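Examination of the molecular architecture
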Amino acid sequence: MNKCDCDNDVCEELCEHPQMICLARAEMVQETEAQQVTDMFRLLGDMNRFKILQALAKRELCVCDIAAVVQMGQSAVSHQLRLLRGARLVKYRKEGTLAWYSLTDHNITILLQHGLNHVRQK
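Looking at an unreviewed UniProt entry, one finds the protein chain named DNA-binding transcriptional ArsR family regulator and attributed to Anaerospora hongkongensis.

And the structure:
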């Protein structure tokens, strides 16, 4: 068996392990799911959208409230909410003339918290 030294992110000699490759390939998610996840992370990669999601993690808010919390204009917030709705990260309900926004599910809160936990580790 070949010696494989992967300490430097590059093997010093070719040492593929066919069984491990086969297992790893079998465990990969489908291409469409992978695309959806990367699209979601791309949306989360924007500071303003992150702030909006963080504000909605604890309570339902209308556009005016969100704009005040994140210190953005209402039209800019509305634009970001459209993108977040399209990715099914937020939802809204109408109450008269107001639209109340919330996260679509608790998993989004968990995702945000995991990200914060990761960057806070030292």
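Having seen it, we continue.
1. Considering the pairing of strand β3 (residues 98-103)
Taken across its six residues, β3 has five buried, putting it largely inside the fold. As paired elements, strand β1 (residues 61-62) and β3 share two bridges and run antiparallel to each other. Bridge pairing links Cys62 to Trp100 in β3. Here strand β2 (residues 90-95) hands over to β3 after two residues, with Gly96 in that stretch at a positive phi of 65°.

2. Points about the confidence of the model for the protein chain
Keep in mind that low pLDDT regions are not for reading the predicted coordinates in detail. Summarising the model, the protein chain shows a mean pLDDT of 91, and 91% of its residues fall at 70 or more. Put simply, helix α1 (residues 18-27) is where the protein chain has its lowest mean pLDDT, 91, and β1 is where it has its highest, 98.

3. Notes on the pattern of salt bridges
Per the counting criterion, the structure on display carries three salt bridges. Taking the shortest distance from any N to any O, the salt bridge between Asp39 and Arg42 comes out at 2.7 Å. With Asp39 and Arg42 both in helix α2 (residues 31-44) and three residues apart, the pair spans about one turn of that helix. The class for Arg42 is exposed, based on a relative accessible area of 55%. A salt bridge links Glu95 to Arg93; the nearest nitrogen and oxygen atoms lie 3.0 Å apart. Assessed through its relative accessible area of 44%, Glu95 is described here as partly exposed. A cluster of three or more residues bridged by salt bridges with shared partners is formed by Glu60, Arg93 and Glu95.

4. Let's talk about the layout of surface pockets
The space that makes up the largest pocket amounts to roughly 340 Å³. Mapped onto the lining of the largest pocket, the elements with two or more residues apiece are α2 and α6 (106-120). Tallying contributions element by element places α2 first for the lining of the largest pocket, with four residues. Residues that form the lining of the largest pocket fall into these classes: six nonpolar, three polar and three charged.

5. A look at the sheet that holds β1
Strand order across the open sheet formed by three strands is β1-β3-β2, with antiparallel pairing between neighbours. Two strands in the sheet have a free side with no partner beyond their single neighbour: β1 and β2. Of the strands in this sheet, β2 and β3 touch helix α5 (residues 74-86), which is tilted by about 115° from β2.

About the cut-offs
- Residues numbered from 1 in each chain as written.
- Predicted model: local features only at pLDDT ≥ 70, side-chain atom pairs only at ≥ 80, totals over all residues.
- Heavy atoms only, no water.
- Buried < 20%, exposed > 50% of the residue type's maximum accessible area, 1.4 Å probe, protein only.
- Helix = DSSP H or I, 4+ residues; strand = E, 2+ residues; numbered from the N terminus.
- Pairing = 2+ DSSP bridges.
- pLDDT = per-residue confidence, 0-100.
- Salt bridge = Lys/Arg side-chain N within 4 Å of Asp/Glu carboxyl O.
- 1 Å grid on protein atoms, 1.4 Å probe; cavity = no way out; pocket = protein on both sides within 12 Å on 5 of 7 lines; lining within 4 Å.
- Points joined across faces, edges and corners; volume = space filled by probe spheres on them.
- Nonpolar A, V, L, I, M, F, W, Y, C, P; charged D, E, K, R; others polar.
- Contact = heavy atoms within 4.5 Å.
- Axes fitted to C-alpha atoms, helices over the stretch in contact; angles between N-to-C directions.

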